[in-house]
Amino acid sequence: MSVIPLDYETLRLIWWALLGVLLIGFAIMGGMDLGIGTLLPFVARTDEERRVLLNLSGPTWEGNQVWLILGGGAIFAAFPPLYAVSFSGFYIAMIAILLALILRPVGFKFRGKVENTRWTTTWDWALFVGGFVPSLVFGVAVGNLFLGAPFRLDDTLRTVYEGNFFGLLTPFALLAGLISLGMLIVQGATTIVMRTEGAMTERARWVGRTAALTTAVLFILGGLVALFLLSGYKVTSVIDPAGPSNPLLKTVVVEPGAWAANYTLIPWMIVAPILAVLGCLVAWWALGARLKLVAWLGSSGAIFGIISTAGLSLFPFFLPSSIDPRSSLTLWDASSSQMTLFIMLLVTVFFLPIILIYTAWVFRVMRGTVTTTSLTKNPNAY
């Protein structure tokens, strides 16, 4: 008799949900910093205003990146085939994201080292790249999940990837990238509005409202394209939720409208796209009504809805294969062993609350409005 109190199917579903939680957590928390970085050269017109934005995200951005590290670690340990295929196939895209993210700590530390306009402007644009590139490329990657990646598995389950970086930049993938960019710009704008004051706040308010409506329109357009124009993937063989992690044991077909199947089988899933659109509209309205916290909550709700929509639409697929559908990776055939998932769950149950409590404490300590006056009183300000 098994000593593991949870069956394999339940553990797989739990880790699918936890992966979604980690990705949403990063998009909400890290999205504030990525959005602020993207808006830095445009919303802030003077050096003092840009220093305000730097000190808005500077004290907390490192902690927010923990969600990204946890997400990558969860993929590595819970779904190793997904990690192997995605991180090797999307290698150049991943390197672009990492290089852009590396610019962030360097920019924070180096920008104020030399009192020279050209020097500070250069690092301001470096911080912009550090926010813009990840925001866009993350969305492009998600768009390619719906299209399928050009890989196949041989009889020994070794991956053969037959694509290249520029092959990822299809119109639909770029549309998904713009949706990702838009939702993180809204998140950054609502954060700026919530914690700053003056002319810069008003500029952020206008940008946030524009981005919120744009994101809603692009999301609806992307959803219509995915549901009615793209060919989706469907498992046609019998699914064994407790079966071995071998993708080649199943059969998969590509057919039009397959991405809409989950909404027919499980109607409550429609809540996710509704929340995505509603969150954008709430953020747009609340920014205009000057309800700062409501605007941020609306933006965060939109992020939750957009990422949940992608995950629920793809379920049970993680990464379909466009050249050999049978090699597609799903929740039921791309996970670690039952024992590994259970041990990881125990560790997560212990450490995740600690991370949440620490994050809440940090934001409580760093709460309040950041102004040019407050910077002069802080000798450690950027």
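A few points on the structure. Only a predicted model underlies this, so the values are computations on that prediction, with no experimental measurement involved.

**A short note on the overall build of the protein chain**
Then comes step 1: Helix and strand counts for the protein chain stand at 14 helices and six strands.
Then comes step 2: Here the C-alpha atoms of the protein chain give a radius of gyration of 22 Å, agreeing with the 21 Å that 2.2 N^0.38 yields for 382 residues.
Then comes step 3: Oriented by its inertia axes, the alpha-carbon framework of the protein chain measures out at about 65 × 45 × 35 Å.
Then comes step 4: Classification of the 382 residues of the protein chain by burial places 50% in the buried group.
Then comes step 5: Taking the contacts inside the protein chain whose residues are at least 6 apart along the sequence as the reference set, 80% of them involve residues at least 24 apart.
Then comes step 6: Of the roughly 17,900 Å² of accessible surface on the protein chain, 72% is carried by carbon and sulfur atoms.

**A word on the packing of aromatic side chains**
Then comes step 1: Going through the model one piece at a time under the given rule, you end up with 20 aromatic pairs.
Then comes step 2: Between Tyr-358 and Trp-361 the ring centres are 6.1 Å apart and the planes differ by 35°, which places this aromatic pair in the tilted class. Within this pair, Tyr-358 and its partner Trp-361 are both found in helix α13 (residues 338-365), separated by three residues, close to a single helical turn.
Then comes step 3: For Trp-361, a relative accessible area of 52% gives the class exposed.
Then comes step 4: Across from the ring centre of Tyr-8, 3.8 Å away, lies the NZ or CZ of Arg-12, which sits over that ring.

**Notes on helix α1 (residues 8-43)**
Then comes step 1: Here α1 contains 36 residues, and its C-alpha end-to-end distance of 50 Å stays within 8% of the 52 Å for a straight helix at 1.5 Å per residue.
Then comes step 2: For α1, the buried fraction is high: 26 of the 36 residues fall into the buried class.
Then comes step 3: At the N-terminal end of α1, a side-chain oxygen is found 3.1 Å from the backbone nitrogen of Glu-9, two or three residues along, and the residue is Asp-7.

**Observations regarding the nonpolar core**
Then comes step 1: Among the nonpolar cores identified, the biggest contains 66 residues, and Trp-15, Phe-79, Phe-146 and Leu-319 are the most heavily contacted of them.
Then comes step 2: Among the elements that take part in this core, α1 stands out by supplying 13 residues, more than any other.
Then comes step 3: With residues up to four places along the chain from it excluded, the contact list for Trp-15 reads Ala-74, Ala-78, Phe-79, Leu-341, Met-344, Leu-345 and Thr-348.
Then comes step 4: Within the second largest apolar cluster, 28 residues are counted, among which are Ala-44, Leu-54, Leu-56 and Val-186.

**Notes on the pattern of salt bridges**
Then comes step 1: A complete count under the given rule lists 10 salt bridges for this structure.
Then comes step 2: Here Arg-111 makes a salt bridge to Asp-124, at a shortest N to O gap of 2.5 Å. Of this pair, Arg-111 sits in the loop between α6 (91-110) and α7 (117-147) while Asp-124 sits in helix α7, and the two are 13 residues apart along the sequence. Each of the two residues, Arg-111 as well as Asp-124, counts as buried.
Then comes step 3: A salt bridge links Arg-158 to Asp-154, with the shortest nitrogen-to-oxygen separation between them at 3.2 Å.
Then comes step 4: Each of Asp-47, Arg-50, Arg-111 and Asp-124 takes part in a single network of salt bridges with overlapping partners.

**Focus on unusual backbone geometry**
Then comes step 1: In this chain, Phe-315 is followed by Pro-316 through a cis amide linkage whose omega measures 5°.
Then comes step 2: Of note, Pro-316 is situated in the loop between α12 (292-314) and β5 (317-319).
Then comes step 3: Phi at Leu-157 takes a positive value of approximately 70°, unusual for a residue other than glycine.
Then comes step 4: Within the fold, Leu-157 resides in the loop between β1 (151-153) and β2 (159-161).

**Details of the environment of Ala-242**
Then comes step 1: Along the polypeptide, Ala-242 turns up in the loop between β3 (231-235) and β4 (252-256).
Then comes step 2: Spatially, the C-alpha atoms of Ala-242 and Glu-255 are 26 Å apart, while their sequence positions differ by 13 residues.

**Some remarks on a nonpolar patch on the surface**
Then comes step 1: Among the surface-exposed residues, Val-3, Met-339, Ile-343, Val-347, Phe-350, Phe-351 and Ile-354 lie close enough to one another that they form a single nonpolar patch of about 690 Å² accessible area.
Then comes step 2: Of note, Ile-354 is situated in helix α13.

**A word on the packing of α1 against α13**
Then comes step 1: Across the interface, α1 lies against α13 with an axial gap of 11 Å and an inter-helix angle of 25°. Between α1 and α13, the crossing angle belongs to the class labelled roughly parallel. Taken as a pair, α1 and α13 cross one another with a handedness that is left-handed. The segment α1 lies against α13, with Tyr-8, Leu-11, Arg-12, Ile-14, Trp-15, Leu-18, Met-29 and Met-32 engaging Gln-338, Leu-341, Phe-342, Met-344, Leu-345, Thr-348, Thr-359 and Phe-363.

**Considering the side chain of Ser-336**
Then comes step 1: Take Ser-336: it is sitting in the loop between β6 (329-330) and α13.
Then comes step 2: A relative accessible area of 10% means that Ser-336 is categorised as buried.
Then comes step 3: At 2.4 Å, the side chain of Ser-336 forms a polar contact with the backbone oxygen of Ala-77.
Then comes step 4: If near-sequence neighbours (up to four positions away) are discounted, Ser-336 is found in contact with Tyr-8, Ala-77, Ala-78, Phe-79, Pro-80 and Leu-341.

**Remarks on the environment of Ser-180**
Then comes step 1: Position of Ser-180 relative to the elements: it lies in helix α8 (residues 171-195).
Then comes step 2: Placed 127 residues apart in sequence, Ser-180 and Ile-307 show a C-alpha to C-alpha distance of 9.3 Å.
Then comes step 3: Setting aside residues no more than four positions away along its own chain, Ser-180 makes contact with Ser-135, Phe-138 and Gly-139.
Then comes step 4: Among the polar contacts made by the side chain of Ser-180, one reaches the main-chain carbonyl oxygen of Ser-135 at a distance of 2.6 Å.

**Focus: the environment of Tyr-91**
Then comes step 1: By the element assignment, Tyr-91 lies in helix α6.
Then comes step 2: Separated by 73 residues in the primary sequence, Tyr-91 and Asn-164 place their C-alpha atoms 9.1 Å from one another.

The rules we used
- Residues numbered from 1 in each chain as written.
- Predicted model: local features only at pLDDT ≥ 70, side-chain atom pairs only at ≥ 80, totals over all residues.
- Heavy atoms only, no water.
- Helix = DSSP H or I, 4+ residues; strand = E, 2+ residues; numbered from the N terminus.
- Rg over C-alpha atoms; globule rule 2.2 N^0.38 Å.
- Buried < 20%, exposed > 50% of the residue type's maximum accessible area, 1.4 Å probe, protein only.
- Contact = heavy atoms within 4.5 Å.
- Areas by Shrake-Rupley, 256 points an atom, 1.4 Å probe, with all protein chains shown as cover.
- Phe/Tyr/Trp six-rings, centres within 6.5 Å; stacked < 30°, edge-to-face > 60°.
- Lys NZ or Arg CZ within 6 Å of the ring centre and 35° of its normal.
- Expected span 1.5 Å × (residues − 1).
- Polar contact = N/O pair within 3.5 Å; in protein donor to acceptor, adjacent residues only side chain to side chain.
- Core = buried A, V, L, I, M, F, W, Y, C linked by side-chain atoms within 4.5 Å.
- Salt bridge = Lys/Arg side-chain N within 4 Å of Asp/Glu carboxyl O.
- Patch = residues over 30% accessible without salt bridge, like charges linked within 9 Å, V, L, I, M, F, W, Y side chains within 5 Å.
- Axes fitted to C-alpha atoms, helices over the stretch in contact; angles between N-to-C directions.
- Parallel < 35°, antiparallel > 145°, perpendicular 65-115°, else oblique.
- Left-handed = near helix turned anticlockwise from the far one by under 90°.

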